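Each chain, written out:
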Amino acid sequence: MDEKSEDTNLTRLADRLKRTDSIMEPKILNSVKRFILAGGTPKLALSHLSNSYRGRAAMVNLVAKWMEAFGMDAESIIEDVMKDELTSSFDPRKGMDLLEQKKMPQWVEEVGRQERWKPTLSKLQKKHSDCIFLELLGSVDTPADSQQGG
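Description of the structure in this document. For clarity, every value in this text was computed on a predicted model and none was experimentally measured.

1. A short note on the overall build of the protein
Line of reasoning, step 1. Tallying secondary structure elements over the protein gives ten helices and zero strands in all.
Line of reasoning, step 2. Counted from the first residue to the last, the protein has its helices and strands arranged as α-α-α-α-α-α-α-α-α-α.
Line of reasoning, step 3. The proportion of buried residues among the 150 residues of the protein is 27%.
Line of reasoning, step 4. For the protein, the exposed surface amounts to about 10,800 Å²; the carbon and sulfur share of it is 56%.

Rendered as structure tokens:
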């Protein structure tokens, strides 16, 4: 590999570590290892990961507790926000990354089976018609589908 392509690879790997909350991604340790093997330093990897951490998951949990303390239906409010966020920022490549994992995360099948997610999945399928991940997710039978077929 020439020096220019090595620099490009290192830059690409650094960009992956700099993504918001990348430290929470399932394959982040592989990315850190590849970054270091490509010439990055452990200190720089740690710097990228810590600087990109925003703690969205922890923030959502905290806000949910506050909502519940005020008697609000935190689950449906957070779910609506998640649907809006998913619709506006879905990345088909990340969906494909999930398909390449040895074991699919449990939430993937759960989302595919729940009727309340079907309209969101339908919107995403129209927007990203060539995404195999969405096609497969949309084809998961829901309990209602199973009862109609059996």
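2. Some words on the packing of aromatic side chains
Line of reasoning, step 1. A complete count under the given rule lists one aromatic pair for this structure.
Line of reasoning, step 2. Taking 6.5 Å as the distance between ring centres and 15° as the angle between the ring planes, the aromatic pair formed by phenylalanine 90 and phenylalanine 133 counts as stacked. Taken together, the residues span a long stretch of sequence, with phenylalanine 90 in the loop between helix H5 (74-89) and helix H6 (92-99) and phenylalanine 133 in helix H9 (residues 132-138) at a distance of 43 residues.
Line of reasoning, step 3. Exposure remark for phenylalanine 90: the relative accessible area of 14% places this residue in the buried category.
Line of reasoning, step 4. Given a relative accessible area of 4%, phenylalanine 133 falls into the buried group.
Line of reasoning, step 5. The residue whose ring lies beneath lysine 83 is tryptophan 117, and the NZ or CZ to ring-centre distance is 5.3 Å.

3. Topic: the layout of surface pockets
Line of reasoning, step 1. Here the largest pocket defines a volume of roughly 2,200 Å³.
Line of reasoning, step 2. Along the walls of the largest pocket sit 49 residues, with Glu25, Arg56, Leu86, Lys94 and Trp107 positioned nearest its centre.
Line of reasoning, step 3. Mapped onto the lining of the largest pocket, the elements with two or more residues apiece are helix H2 (28-37), helix H4 (56-69), H5, H6, helix H7 (106-113), helix H8 (118-127) and H9.
Line of reasoning, step 4. In terms of residue class, the lining of the largest pocket is built from 26 nonpolar, eight polar and 15 charged.

4. Some details on helix H3 (residues 42-52)
Line of reasoning, step 1. For H3, the set of buried residues is Ala45, His48, Leu49 and Ser52. Looking straight down H3, one finds that the buried residues subtend no more than 95° of arc, so they occupy a single side. For H3, the exposed residues lying more than 90 degrees away from the buried face are Lys43, Leu46 and Asn51.

5. Considering the pattern of salt bridges
Line of reasoning, step 1. All chains considered together, the criterion is met by six salt bridges.
Line of reasoning, step 2. Here glutamate 75 makes a salt bridge to arginine 116, at a shortest N to O gap of 3.9 Å. Separated by 41 residues along the polypeptide, glutamate 75 in helix H5 and arginine 116 in the loop between H7 and H8 bring together distant segments of the chain.
Line of reasoning, step 3. Take glutamate 75: its relative accessible area is 55%, and that puts it in the exposed class.
Line of reasoning, step 4. Note that arginine 113 and glutamate 109 form a salt bridge whose closest N and O atoms lie 2.6 Å from each other. Taken together, the positions of arginine 113 and glutamate 109, both in helix H7 and four residues apart, correspond to about one turn of that helix.
Line of reasoning, step 5. Among the ionic contacts, a cluster of salt bridges with common partners joins Glu75, Glu79, Lys83 and Arg116.

Reading guide: rules and limits
Residues numbered from 1 in each chain as written. Predicted model: local features only at pLDDT ≥ 70, side-chain atom pairs only at ≥ 80, totals over all residues. Heavy atoms only, no water. Helix = DSSP H or I, 4+ residues; strand = E, 2+ residues; numbered from the N terminus. Buried < 20%, exposed > 50% of the residue type's maximum accessible area, 1.4 Å probe, protein only. Areas by Shrake-Rupley, 256 points an atom, 1.4 Å probe, with all protein chains shown as cover. Phe/Tyr/Trp six-rings, centres within 6.5 Å; stacked < 30°, edge-to-face > 60°. Lys NZ or Arg CZ within 6 Å of the ring centre and 35° of its normal. 1 Å grid on protein atoms, 1.4 Å probe; cavity = no way out; pocket = protein on both sides within 12 Å on 5 of 7 lines; lining within 4 Å. Points joined across faces, edges and corners; volume = space filled by probe spheres on them. Nonpolar A, V, L, I, M, F, W, Y, C, P; charged D, E, K, R; others polar. Arc of directions from axis to C-beta. Salt bridge = Lys/Arg side-chain N within 4 Å of Asp/Glu carboxyl O.

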